[in-house]
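Chains, contacts and geometry: an overview
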Amino acid sequence: MNLNNSKGMAELTRRFHHLLEVAPFLEGINNENEYQQALDATELLYRTIGDNPNDPRNLLLDMIAQKIEHYEYQTDPVLSQWDQQDGAIALIKVLMRQHGLTQAELPEIGSQGVVSEVLNGKRPLNLRQIQSLAERFDLPVTLFLEHKGGDCRCPLPVARFP
């Protein structure tokens, strides 16, 4: 297909419109139904592509994964807050709101004073605090790690976490 002429561009446009009819979530995921369709498509692509990095469908898989990630960040209050603010601090604040907790009700971090210092960015979370919070709220440890300029502010390498 030659895209340097109007006939080629018309054919590309026709095929693209057909693709969007078959997979409307490629324009963006707007509801749970489209989200589930995107997840199903991703699963099917993973099974059919296997571990072949040269399969051109990997590009389609990447496109769908980006739409899924965008939708999840829009609809999940923990992820959306985590992404907008300072990682672990935002996550802890969201969890406190969701569970109706005060600073004094977070013994995983320490005393009310220590919790206040963490929430105000004056003190980073240590390994014990991170593991305790992840366990209490049944979340991945990595959500509590703060990334600044690509570096993880954590006392141990991420690979050490279960």
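Residues numbered from 1 in each chain as written. Predicted model: local features only at pLDDT ≥ 70, side-chain atom pairs only at ≥ 80, totals over all residues. Heavy atoms only, no water.

Concerning the overall build of the protein chain
Just so we agree on the cut-off: Working definition: helices are DSSP H or I runs of at least four residues, strands are E runs of at least two. Numbering for both runs from the N terminus. Throughout this description, buried means an accessible area under 20% of the type-specific maximum (1.4 Å probe, protein chains only), exposed means over 50%, and partly exposed covers the range between. Any two residues whose heavy atoms approach within 4.5 Å are treated as being in contact. Methods summary: accessible areas were calculated by the Shrake-Rupley approach with a probe of 1.4 Å, and residue burial reflects only the protein chains presented.
Counting its secondary structure elements, the protein chain contains seven helices and two strands. Across the 162 residues that make up the protein chain, the buried fraction comes to 34%. Of the contacts made within the protein chain by residues no fewer than 6 positions apart, 42% connect residues no fewer than 24 positions apart. Per element, the accessible surface of the protein chain, about 10500 Å² overall, is 51% carbon and sulfur.

Observations regarding helix H3 (residues 57-75)
Where we set the bar: Expected span of a helix: the number of residues minus one, times 1.5 Å.
Taking 1.5 Å of rise per residue, the 19 residues of H3 would be expected to cover 27 Å, and the 27 Å separating its terminal C-alpha atoms lies within 8% of that figure. Looking at the buried side of H3, the elements it contacts are helix H2 (32-49).

A short note on the environment of Gln-103
Note on placement: Gln-103 falls in the loop between helix H5 (87-99) and helix H6 (112-119). C-alpha of Gln-103 to C-alpha of Val-115: the two residues are 12 residues apart in sequence and 5.9 Å apart in space. Excluding residues that lie within four positions of it along the chain, Gln-103 makes contacts with Met-96, Gln-112, Val-115, Ser-116 and Leu-119.

As for a nonpolar patch on the surface
Note the cut-off: Patch construction takes residues with relative accessible area above 30% that form no salt bridge. Like charges are linked within 9 Å, and nonpolar side chains (Val, Leu, Ile, Met, Phe, Trp, Tyr) are linked within 5 Å. Salt-bridge detection follows one rule: a side-chain nitrogen of Lys or Arg within 4 Å of a carboxyl oxygen of Asp or Glu.
On the surface, Met-1, Leu-3, Met-9 and Leu-12 cluster together to form a nonpolar patch covering roughly 360 Å² of accessible area. One can find Leu-12 in helix H1 (residues 6-22). Judged by relative accessible area, which is 34%, Leu-12 ranks as partly exposed.

Let's talk about H5
Helix length check: H5, at 13 residues, gives a terminal C-alpha distance of 18 Å against a target of 18 Å (1.5 Å per residue), a fit within 8%. Regarding H5, the residues found buried are Gly-87, Ala-88, Ile-89, Ala-90, Leu-91, Ile-92, Val-94, Leu-95 and Met-96. One or two residues past the end of H5 sits Gly-100, with phi positive at roughly 60 degrees.

Quick look at the environment of Met-96
Take Met-96: it is sitting in helix H5. C-alpha of Met-96 to C-alpha of Leu-106: the two residues are 10 residues apart in sequence and 8.7 Å apart in space. Beyond its immediate sequence surroundings of up to four residues, Met-96 is in contact with Leu-101, Thr-102, Gln-103, Leu-106 and Leu-119.

Examining the pattern of salt bridges
Applying the stated rule across the entire model yields six salt bridges. We note a salt bridge from Glu-108 to Arg-136, for which the minimum N-O separation is 2.9 Å. One end of the pair, Glu-108, is in the loop between H5 and H6; the other, Arg-136, is in helix H7 (residues 127-137), with 28 residues separating them in the sequence. Since its relative accessible area comes to 35%, Arg-136 is described here as partly exposed. The residue Arg-123 makes a salt bridge to Glu-117 at a minimum N-O spacing of 2.8 Å. The class for Glu-117 is partly exposed, based on a relative accessible area of 30%. Among the charged side chains, a salt-bridge network with shared partners connects Glu-11, Arg-14 and Arg-15.

Focus on unusual backbone geometry
For residues other than glycine, phi is negative in most cases, and the peptide bonds are mostly trans. The backbone of Asp-138 sits at a positive phi, close to 55 degrees, despite the residue not being glycine. Relative to the helices and strands, Asp-138 resides in the loop between H7 and strand E1 (146-148). The class for Asp-138 is exposed, based on a relative accessible area of 71%.

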